[in-house]
Amino acid sequence: MNNAILIQQCWKGDNGHGDYYPLMELTKERNQEYCKKHNFYFLYHVGTVDPKYSDVHDGGWVKIELIQEALKKGYQYIVWLDVDALIRDMDTDLRDACPNGIGACWMRIPQLDHWNVGVLYMQNSDAVKDFFNEWLASYPGEKQWMEQGEFNKLAMKSKVVETISDRWNSTFNYNLVPDAVVL
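The following refers to the structure shown. Since this is a predicted model, take the numbers as computed values, not measurements. (Residues numbered from 1 in each chain as written. Predicted model: local features only at pLDDT ≥ 70, side-chain atom pairs only at ≥ 80, totals over all residues. Heavy atoms only, no water.)

It is worth spelling out the sheet that holds strand β3 (residues 77-81) at this point. An order of β2-β1-β3-β5-β4-β6 is seen for the 6 strands of this open sheet, with the pairing classed as mixed. This sheet does not close on itself; its edge strands, each paired only once, are β2 (41-46) and β6 (161-163). Strand-to-strand twist across the sheet, computed as the mean angle between neighbouring axes with direction ignored, equals 25°. Both strand β4 (residues 102-107) and strand β5 (residues 114-123) contribute to a ladder of 5 bridges, which runs antiparallel. Bridged to C105 within β5 is N116. Sheet strands touched by helix α1 (residues 21-38): β1 (4-10) and β2. Its angle to β2, the strand with the most contacts, is close to 170°. Sitting on the sheet, helix α4 (residues 146-157) touches β4, β5 and β6, and the angle it makes with β5 is about 70°. (Pairing = 2+ DSSP bridges. Helix = DSSP H or I, 4+ residues; strand = E, 2+ residues; numbered from the N terminus. Axes fitted to C-alpha atoms, helices over the stretch in contact; angles between N-to-C directions. Contact = heavy atoms within 4.5 Å.)

Listed below in structure tokens is the structure:
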């Protein structure tokens, strides 16, 4: 078994809301190529895990359950990429971004400085499992920031979340860096 997994998920919206499937299809081949090259298992999930997350405002909560499954299966390294994230540098091993806990980039935006959960890197441990259990238990959270806001509340009081270099989640207009591994 590979010791690393890369997870992406989206659902096909039947009403035009939250339909990122075409974007996910654009990156699927590249992600598969990356995973094959670096010996990652690639979990490409279309749909929801639990029907209670089928609303466009609740869709982000699915990532927590998918990551929890990877933790239970014993993957040592787990990487989550939202569908709008692209692996730019195909030669760098994403395991290098995984701290001994959860790695996230710090976003400096006018609305609220925060850790961005669109791209997450982690190593499996009891502390990481506990964090994800507590994070999912905070559902539904506040509608404005959904799972993003709840992650940040927990991260502020936790020692398991670590701020990692912007090169691991370089975002246009906020933290774009020239040596980006993931955009």
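Buried together is how nonpolar side chains tend to be arranged in soluble globular proteins. Among the nonpolar cores identified, the biggest contains 29 residues, and I102, L120, F132, W135 and F151 are the most heavily contacted of them. Every element with two or more residues in this core is listed here: β1, α2 (62-72), β3, β4, β5, α3 (126-137) and α4. Top contributing element to this core by residue count: α2, with 6 residues. Setting aside residues no more than four positions away along its own chain, I102 makes contact with L120, Y121, M122, V128, F131, F132, F151, V160, V161 and E162. The next biggest cluster of nonpolar side chains, apart from the first, holds 26 residues, and it includes L6, Y44, I87 and A97. (Core = buried A, V, L, I, M, F, W, Y, C linked by side-chain atoms within 4.5 Å. Buried < 20%, exposed > 50% of the residue type's maximum accessible area, 1.4 Å probe, protein only.)

A turn of α-helix holds 3.6 residues, and therefore any two residues three or four places apart point the same way. Spanning 18 residues, α1 covers 25 Å between terminal C-alpha atoms, matching the ideal 26 Å at 1.5 Å per step. At K28, α1 shows its maximal kink, close to 40°. Those residues of α1 not exposed but buried are M24, T27, N31, Y34, C35 and H38. Turning to α1, the residues buried within the fold contact β1 and β2. Positive phi appears at N39, one or two residues downstream of α1, with a value of about 60°. (Expected span 1.5 Å × (residues − 1). Bend = angle between axes of the 7 residues up to and from the residue.)

Here we take up the packing of aromatic side chains. For the structure on display, the rule yields 11 aromatic pairs. With a centroid separation of 5.9 Å and 55° between ring planes, the pair formed by Y34 and F40 is classed as tilted. Comparing Y34 with F40, the two get one shared label, buried. On the basis of an interplanar angle of 55° and a centroid distance of 6.0 Å, the ring pair of F42 and Y44 is categorised as tilted. (Phe/Tyr/Trp six-rings, centres within 6.5 Å; stacked < 30°, edge-to-face > 60°.)

Inspection of the secondary structure puts N152 in helix α4. Of the polar contacts made by the side chain of N152, one reaches the backbone oxygen of Q148; its length is 2.9 Å. Filtering out sequence-adjacent residues up to four positions away, N152 remains in contact with W106, H114 and W115. (Polar contact = N/O pair within 3.5 Å; in protein donor to acceptor, adjacent residues only side chain to side chain.)

Taken together, the side chains of Y20, L23 and L26 present a nonpolar region at the surface, about 320 Å² in accessible area. Checked against the element boundaries, L23 lands in helix α1. L23 sits in the partly exposed class, given a relative accessible area of 31%. (Patch = residues over 30% accessible without salt bridge, like charges linked within 9 Å, V, L, I, M, F, W, Y side chains within 5 Å. Areas by Shrake-Rupley, 256 points an atom, 1.4 Å probe, with all protein chains shown as cover. Salt bridge = Lys/Arg side-chain N within 4 Å of Asp/Glu carboxyl O.)

Mapping D50 onto the fold places it in the loop between β2 and α2. You can call D50 partly exposed: its relative accessible area is 22%. C-alpha separation for the pair D50 and E65, spaced 15 residues apart in sequence, amounts to 8.6 Å.

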